[in-house]
Amino acid sequence: MSATSELFEFDKKFGCMIAGMDEAGRGPLAGPVVCACCIMPLDTMIDGINDSKKLSEKAREKLYLQITDMAVAYGVGIIEHDVIDDVNILEATKLGMKKAFDAMFLKPELLLIDAVKLSLGVATRSLIKGDSQSYNIAAASIIAKVTRDRIMREYDRQFPAYGFISNKGYGTKVHIDALKTIGRCPIHRKTFIRNFEEKQ
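Residues numbered from 1 in each chain as written. Predicted model: local features only at pLDDT ≥ 70, side-chain atom pairs only at ≥ 80, totals over all residues. Heavy atoms only, no water.

S.K.: When you look at the nonpolar core in this model, what are you seeing that I'm missing?
M.R.: Counting 22 residues, the largest nonpolar core has Met40, Ile46, Ile49, Leu63, Ile67, Tyr135 and Ile142 as the members making the most contacts within it. The set of elements that each furnish at least two residues to this core consists of helix 1 (3-12), strand 2 (33-39), helix 2 (57-70) and helix 5 (135-158). The element contributing the most residues to this core is helix 5, with eight residues. Apart from the residues lying within four places of it in its own chain, the contact partners of Met40 are Ile18, Ile46, Ile67, Met70, Ala71, Val72, Tyr135, Asn136 and Ala139. Membership of the second largest hydrophobic core comes to 15 residues, among which are Met97, Ala100, Leu111 and Val116. (Core = buried A, V, L, I, M, F, W, Y, C linked by side-chain atoms within 4.5 Å. Buried < 20%, exposed > 50% of the residue type's maximum accessible area, 1.4 Å probe, protein only. Helix = DSSP H or I, 4+ residues; strand = E, 2+ residues; numbered from the N terminus. Contact = heavy atoms within 4.5 Å.)

Here it is in structure tokens:
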């Protein structure tokens, strides 16, 4: 059985309409956290769906188009860097997940969430490493990751010194060296970069 088939069969066993929820961007030093929620049909499987971290960028982009085309419903919630600084990353993630859920015109009978506990008015189940267990969570992880990567590629055009096109805001050597030499840019999370900024 393929990895996708195992995820697909995991969701089918619940016997009801399921949505998956995941996020991308909790760890980076810059940019938003992006959350996605989706309800995928469980009578037709998109081969290749898996935890987004296990897929190449090219594979994610291709699957994103298939997922958003086939999804029964999906929603995206984007929480910007300034809100992350104001409320902390966990609370910002929860806000993004609520926005993603609210953006769906159809609500599931059961919501599977990757590692976060939420109350959204439907039955929920939090799964540790859920994007490696559930087909719907894995699909949501791809939507969230591709959406965020596209945002960071746009930011790279505005702030090319930090290498956002390749690091997507994570703390690579190029990124941290730029922080130490030229300081932060408008999309940096101030609460995440205190240890990297050179004291003026």
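S.K.: Please explain the sheet that holds strand 1 (residues 18-24) as it appears in this structure.
M.R.: Either a parallel or an antiparallel arrangement is found when strands of a sheet pair, and the pairing is made through backbone hydrogen bonds. Judged by pairing direction, the sheet is mixed, and its five strands sit side by side in the order 3-2-1-4-5 without closing on themselves. Here the strands that pair on one side only, and so sit at the sheet edges, are strand 3 (73-79) and strand 5 (123-127). Averaged over neighbouring strand pairs, the angle between their axes works out to 20° when direction is ignored. Where strand 2 lies against strand 3, seven bridges are found, and the strand directions are antiparallel. What sits directly across from Cys35, in strand 3, is Gly77. In the packing of helix 5 onto the sheet, contacts are made with strand 1, strand 2, strand 3, strand 4 (110-114) and strand 5, and the angle to strand 1 comes to roughly 35°. (Pairing = 2+ DSSP bridges. Axes fitted to C-alpha atoms, helices over the stretch in contact; angles between N-to-C directions.)

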